[in-house]
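Here are the chains, one letter per residue:
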Amino acid sequence: MAADTALKTLGADIATASGESFGTVMYVMTIGIITGLIMVIFTTKKIQAGTIKLKNKDKKWGTVAMSTFMTTIAVVFLVPIILKGGVYLLTLLTSAVISILISLLARHEKLNWLHSFTLAFCLLGAMTSSVFWTWLMERIGG
């Protein structure tokens, strides 16, 4: 999302990005990632303590709070992708299919170690598929 916003600010997209655009995207992504890592250092203990306190105080509300938190994260990230459609949606669906296939394979073949690599495979597969979907859409649309 940060990379897309940076490119749009420069008036470019992934197909027309220059070296300068790439540098800007890398700068924006680096600042975003570093900021998150620094914030984790200062906030994780407080968030975890608050979550544990809520769960110990009232298990039902603790469950509701955690479910709401996870649902909110899913909505914030998934809705914009779904609404954009096209390559974004196809990439999301590809990642979901990869995740499901890895889970089924790990369960069926008793390869539990595969679960540890689900995120990595989904990320690599999604990035690769996004290049394919972009290429395919350009061929169909152009």
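Before any of the text, the structure's been laid out above.
Fair warning: this is a prediction, and the values are worked out from it, not measured in the lab.

Here we look at the overall build of the protein chain
Next, step 1: Tallying secondary structure elements over the protein chain gives five helices and zero strands in all.
Next, step 2: For the protein chain, the N- to C-terminal ordering of α and β elements is α-α-α-α-α.
Next, step 3: Taking 2.2 N^0.38 as the reference for a compact globule, 142 residues should give roughly 14 Å; the C-alpha atoms of the protein chain span a radius of gyration of 19 Å, well beyond that estimate.
Next, step 4: Taking the principal axes of its C-alpha atoms as reference, the protein chain extends roughly 60 × 40 × 25 Å.
Next, step 5: In the protein chain, which comprises 142 residues, the share counted as buried stands at 15%.

Observations regarding the pattern of salt bridges
Opposite charge on two side chains lets them pair, provided their charged atoms get close.
Next, step 1: Evaluation of the coordinates by the stated rule reveals three salt bridges.
Next, step 2: A salt bridge links D4 to K8; its shortest N-O distance comes to 3.3 Å. With a gap of four residues between them, D4 and K8 both fall in helix α1 (residues 2–9), about one helical turn apart.
Next, step 3: Residue class for K8 comes out exposed when judged on its relative accessible area of 55%.

Re a nonpolar patch on the surface
Next, step 1: A cluster of nonpolar side chains, contributed by M1, M66, F69, M70, I73, V76 and F77, occupies part of the molecular surface with about 680 Å² of accessible area.
Next, step 2: With respect to the element layout, F77 can be found in helix α3 (residues 59–84).

A word on the packing of aromatic side chains
Next, step 1: One pass over the structure, following the stated rule, counts four aromatic pairs.
Next, step 2: Judged by centre distance (6.1 Å) and plane angle (35°), the ring pair of F132 and W135 falls under tilted. Taken together, the residues F132 and W135, both in helix α5 (residues 118–141) and three residues apart, mark about one turn of the helix.
Next, step 3: Taken together, the ring pairs in this structure connect W113, F117 and F121 into an aromatic cluster.
Next, step 4: Positioned above the aromatic ring of Y88, the side-chain terminus of K84 is 4.5 Å from the ring centre.

Topic: the packing of α1 against helix α2 (residues 19–57)
Next, step 1: Closest axis-to-axis distance for the α1/α2 pair is 9 Å, and the angle between their directions is 140°. The angle between the axes of α1 and α2 places the two elements in the oblique class. In this structure, the crossing between α1 and α2 has a hand that is right-handed. Contacts between α1 and α2 pair A2, A3, A6 and L7 from the former with S21, V25, V28 and M29 from the latter.
Next, step 2: Each residue belonging to the contact of α1 with α2 can be placed in one class, and the counts come to seven nonpolar, one polar and no charged.

Here we look at the nonpolar core
Next, step 1: If you look at the biggest cluster of nonpolar residues, it comprises five residues: I98, I102, A106, L114 and C122.
Next, step 2: Here this core gets three residues from one element, more than from any other, and that element is helix α4 (residues 86–108).
Next, step 3: When residues no more than four places from it in sequence are discounted, the contact partners of L114 are I102, L105, A106 and F121.

Observations concerning the packing of α3 against α4
Next, step 1: For the pair α3 and α4, interaxial distance at closest approach is 6 Å and the crossing angle is 125°. Between α3 and α4, the crossing angle belongs to the class labelled oblique. Within the contact between the two elements, α3 uses L78, I81, I82 and K84 and α4 uses G86, Y88, L89 and L92.
Next, step 2: Across the contact of α3 with α4, the residue classes tally to six nonpolar, one polar and one charged.

The rules behind the values
Position labels on residues start from 1 in each chain and follow its written sequence. The model is predicted, so local features are restricted to residues of pLDDT at least 70 and side-chain atom pairs to those at 80 or more, both for listing and for counting; the totals for chains, interfaces and linings are taken over all residues. Values reported for side chains reflect all heavy atoms of the structure, with hydrogen atoms and water molecules removed beforehand. Elements are defined by DSSP. Helices are runs of H or I of four residues or more, strands are runs of E of two residues or more, and each kind is numbered from the N terminus. Only C-alpha atoms enter the radius of gyration; for comparison, a globular chain is expected to reach 2.2 Å times N to the power 0.38, where N is the number of residues. When a residue's accessible area, from a 1.4 Å probe over protein chains only, is under 20% of the maximum for its type it is buried; when over 50% it is exposed; and in between it is partly exposed. The rule for a salt bridge is simple: a side-chain nitrogen of Lys or Arg has to be within 4 Å of a carboxyl oxygen of Asp or Glu. A patch consists of residues whose relative accessible area exceeds 30% and which take part in no salt bridge; residues with like charges are grouped when within 9 Å of each other, and nonpolar side chains (Val, Leu, Ile, Met, Phe, Trp, Tyr) when within 5 Å. For accessible areas, the Shrake-Rupley method is used with a probe of radius 1.4 Å. Any residue's cover is judged against the shown protein chains and nothing else. Note on ring pairs: Phe, Tyr and Trp rings are taken, using the six-membered ring of Trp, and paired if centres are within 6.5 Å. Classes follow the plane angle, with under 30 degrees stacked, over 60 edge-to-face and the rest tilted. Each ring is checked for a lysine NZ or an arginine CZ that lies within 6 Å of its centre and within 35 degrees of its normal; such an atom marks a charge sitting over the ring. Angular values range over 0 to 180 degrees, each being the angle between N-to-C directions of two axes fitted as lines to C-alpha atoms, with helices fitted over their stretch in contact. For classification purposes, an angle smaller than 35 degrees is called roughly parallel, one larger than 145 roughly antiparallel, one from 65 to 115 roughly perpendicular, and anything else oblique. The hand of a helix crossing depends on one turn: near helix anticlockwise from the far one by less than a right angle means left-handed, and clockwise means right-handed. Contact definition: two residues touch when any of their heavy atoms are within 4.5 Å. Gly falls in the polar group here, along with every residue not listed as nonpolar (Ala, Val, Leu, Ile, Met, Phe, Trp, Tyr, Cys, Pro) or charged (Asp, Glu, Lys, Arg). Grouping buried Ala, Val, Leu, Ile, Met, Phe, Trp, Tyr and Cys residues that are joined through side-chain atoms within 4.5 Å yields what is termed a nonpolar core.

Interpretation note: all reported values are geometric properties and have no functional meaning in isolation.
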